[in-house]
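An overview of the molecular structure
Here's the letter readout for the chains.
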Amino acid sequence: MQVTETVEITGHLMDSGLLSRVLDDIRGYGGEYTLDKFDLGYDKDDPSTVRMTVGAEDEESLQRLLMRIQTKGANLVDPGTPEITEVSQDGVFPDGFYSTTNLPTSVRLGGHWVTVQNPEMDCGLLVEGDPESGTVRTIPMSEVRAGMRIITSAQGVRVTPPIVTSTEDGFGFMESDVSSEKPQRVLVKQVADGMREAKANGQKVLWVGGPGIVHTGAAPAMVAIVEAGYVDVLFAGNALATHDIESSLYGTSLGVDLARGRGVEHGHEHHIRAINTIRKAGSIAAAVEQGVLTSGVMHALVRQGKSFVLVGSVRDDGPLPDVYTDVLEGQRAMRAELDGVGYCLMAATMLHSVATGNILPASIPLTCVDINPATVTKLADRGSSQARGIVTDVGLFIEHLARELSPSYADMK
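Residues numbered from 1 in each chain as written. Predicted model: local features only at pLDDT ≥ 70, side-chain atom pairs only at ≥ 80, totals over all residues. Heavy atoms only, no water.

- An unreviewed UniProt entry lists the chain under the name ornithine cyclodeaminase, with Kribbella pratensis given as the organism.
- As its UniProt record puts it under Cofactor (unreviewed entry), the chain is described as follows: "NAD(+)". (UniProt positions renumbered as here; feature names shortened; annotations may be inferred.)

**A few points about the overall build of the chain**
- Each helix and strand counted, the chain has 14 helices and 22 strands in total.
- Its C-alpha atoms give the chain a radius of gyration of 24 Å, near enough to 22 Å, the size a compact globule of 413 residues would have.
- Dimensions along the principal axes, computed over C-alpha positions, put the chain at roughly 75 × 55 × 35 Å.
- Residues classed as buried in the chain amount to 47% of the 413 residues present.
- The long-range fraction of contacts in the chain, counting pairs at least 24 apart against all pairs at least 6 apart in sequence, stands at 66%.
- Within the structure as shown, the chain displays about 19600 Å² of accessible surface, and the carbon and sulfur contribution to it stands at 48%.
- Averaging the locations of the 34 positively and 54 negatively charged side chains of the chain gives two centres separated by 6 Å. (Helix = DSSP H or I, 4+ residues; strand = E, 2+ residues; numbered from the N terminus. Rg over C-alpha atoms; globule rule 2.2 N^0.38 Å. Buried < 20%, exposed > 50% of the residue type's maximum accessible area, 1.4 Å probe, protein only. Contact = heavy atoms within 4.5 Å. Areas by Shrake-Rupley, 256 points an atom, 1.4 Å probe, with all protein chains shown as cover. Lys, Arg positive; Asp, Glu negative; His and termini not counted. Charge placed at Lys NZ, Arg CZ, Asp CG, Glu CD.)

**A look at the sheet that holds strand E11 (residues 157–159)**
- Taken in spatial order, the 3 strands of this open sheet run E7-E6-E11, and their pairing is antiparallel. Of all the strands in the sheet, just strand E7 (112–115) and E11 have a single pairing partner and so form its edges. Neighbour-to-neighbour, the strand axes of this sheet turn through a mean angle of 30°, independent of strand direction.
- Relative to E7, strand E6 (residues 105–109) runs antiparallel, the two sharing 4 bridges. From the neighbouring strand, Arg108 faces E7, where its bridge partner is Trp113. (Pairing = 2+ DSSP bridges. Axes fitted to C-alpha atoms, helices over the stretch in contact; angles between N-to-C directions.)

**So, the pairing of E6**
- With 4 of 5 residues buried, E6 is to be regarded as a mostly interior element.
- The turn joining E6 and E7, which pair antiparallel and follow one another in sequence, is formed by 2 residues; a positive phi near 60° is taken by Gly110.

**Considerations on the confidence of the model for the chain**
- For the chain, mean pLDDT is 91; residues scoring 70 or higher make up 94% of the total.
- Across residues 166–175, where pLDDT falls below 50, the model places 8 contacts with residues more than four positions away in sequence or in other chains. (pLDDT = per-residue confidence, 0-100.)

**Re the packing of aromatic side chains**
- All chains considered together, the criterion is met by 1 aromatic pair.
- Both rings, one in Phe93 and one in Phe97, keep their centres 4.6 Å apart while their planes meet at 35°; by these two values the pair is tilted.
- Overall, the relative accessible area of 28% leaves Phe97 in the partly exposed class.
- Between Arg158 and the ring centre of Trp113, over which it is positioned, the NZ or CZ distance is 4.1 Å. (Phe/Tyr/Trp six-rings, centres within 6.5 Å; stacked < 30°, edge-to-face > 60°. Lys NZ or Arg CZ within 6 Å of the ring centre and 35° of its normal.)

**Let's talk about a nonpolar patch on the surface**
- A contiguous nonpolar surface patch, about 480 Å² in accessible area, is contributed by Met14, Tyr33, Leu35, Phe38 and Leu40.
- Among the secondary structure elements, Tyr33 is positioned in strand E2 (residues 32–39).
- Judged by its relative accessible area of 30%, Tyr33 is partly exposed. (Patch = residues over 30% accessible without salt bridge, like charges linked within 9 Å, V, L, I, M, F, W, Y side chains within 5 Å. Salt bridge = Lys/Arg side-chain N within 4 Å of Asp/Glu carboxyl O.)

**A short note on the pairing of strand E8 (residues 124–128)**
- Counted residue by residue, E8 has 4 buried out of 5 residues, so it is predominantly covered.
- Across 5 bridges, E8 lies against strand E9 (residues 135–139) in antiparallel orientation. Within E9, the residue paired with Glu128 across the bridge is Thr135.
- The antiparallel pairing of E8 with E9 creates a hairpin that spans 6 residues between the two strands, and Gly129 there sits at a positive phi of about 80°.

**Here's the deal with the UniProt feature "domain: LOR/SDH bifunctional enzyme conserved" (unreviewed entry) in the chain**
- Summarizing the sequence annotation, UniProt attributes the feature "domain: LOR/SDH bifunctional enzyme conserved" (unreviewed entry) to residues 5–102 in the numbering used throughout.
- Within the segment residues 5–102, helix and strand shares are 23% and 30% respectively, and the terminal C-alpha atoms sit 24 Å apart.

**Considerations on the nonpolar core**
- Judged by nonpolar contacts, the single largest core of 54 residues is most densely connected at Met195, Trp207, Ile284, Met298, Ile398 and Leu401.
- Here this core gets 7 residues from one element, more than from any other, and that element is helix H5 (residues 219–227).
- When sequence neighbours within four positions are dropped, the list of residues in contact with Leu401 reads Val188, Val191, Ala192, Met195, Trp207, Ile225 and Leu345. (Core = buried A, V, L, I, M, F, W, Y, C linked by side-chain atoms within 4.5 Å.)

**Considering the sheet that holds strand E5 (residues 84–86)**
- One open sheet accounts for 4 strands, arranged E5-E10-E8-E9; its pairing is antiparallel. The sheet is open, and its two borders are formed by E5 and E9, each paired with just one other strand. Going across the sheet, the axis of each strand differs from the next one's by a mean of 40°, ignoring polarity.
- Inspection of the sheet shows E8 paired to strand E10 (residues 149–151) by 2 bridges, in the antiparallel sense. For Val127, the partnering residue across the bridge sits in E10 and is Arg149.

**A look at helix H11 (residues 350–359)**
- Taking burial as the measure, the 10 residues of H11 include 7 buried ones, the bulk of the element.
- Two to three positions downstream of the cap, the backbone nitrogen of His352 sits 3.3 Å from a side-chain oxygen, assigning the N-cap of H11 to Thr349. (Polar contact = N/O pair within 3.5 Å; in protein donor to acceptor, adjacent residues only side chain to side chain.)

**Concerning the side chain of Thr49**
- Looking at the element boundaries, Thr49 is found in strand E3 (residues 48–56).
- Thr49 gets classed as buried once you look at its relative accessible area, which sits at 15%.
- In this structure the side chain of Thr49 is engaged in a polar contact, spanning 3.2 Å, whose partner is the side chain of Thr10.
- Thr49 has contacts with Glu8, Ile9, Thr10, Leu13, Lys37, Phe38 and Asp39, leaving out every residue within four places of it along the chain.

What follows is the structure, encoded as structure tokens:
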């Protein structure tokens, strides 16, 4: 190994498996390591500290390795100062750019640590203002412009990993972050408590929803949750809004009568006619104001003055006039709504859940509910370390959640 750096990591390194994962990353990136210091915590609640020298064949490989293990809290003992490179081409990061995580990150400027604004994974670190006293924020690749200054080293960067608490013993039955057989009443209450805590702290509750909310008959329950004040922002696609509006106008979802559970004559036309009706009105909000749209989730959001961002895909019919058809514009609109979010619930949508997980800071509690186990595990696999999954029927879950959050809905039932 020709180039080396010394790093240190502190925490519950053994019982959490964190040290093992750091060492696996070093070898996986073709590096080597030497343990220089190992202070093992005496009591179970005492943190351990490991200092090690890591090396690679060249500086570029070492920088990539350091960036990787920083995501687990292995920071440089001598942080140094960051290398800052000017962007030469719109939409292209400089070579060796620092690839971010969604964990709390700081950059050393002018001898002091500056907190990175809006931490987000898979972005660059943009230095704005004076390089000695300016600010740093994440920036997606599509937004960079020639002349911007981007950090291109692991030096001068520090990442703070989440605190992993140890369990009382070495074996925990049914304690994974993905729940499928735990008591649903307990899970619903935990989600409701998370939402209540966010609201008590003056924060917003973000929902990410798919059309399954409507297909399963849970739209009335979600309306009650909106009216109770626990949906401040909704991220969705064309489908959820379309089928919610179809339900309001025709009583069907994808042509299926929601009261009887079977298809109706000409029902296959209802969703496209619903889209046409809203396009004629000009927008969803205009349809509500004109008295064309009188019920449903989208109606409740408009009436309650809440925000929604609908981002489309190549599968969409229409689409509705409120849908962003440019995905980059849609991403910008989603990012613009994240300020002040304190809790996020994702229900019945894989693609929008992953997209939202990619732009959320790790500090925001995140719960994903879906009948498909692959959906609720994909978020964690994609890097959303704060994600918790619940495998269950979305319709029943939202129904129970409405009873927990909305006393009037509970009384009706």
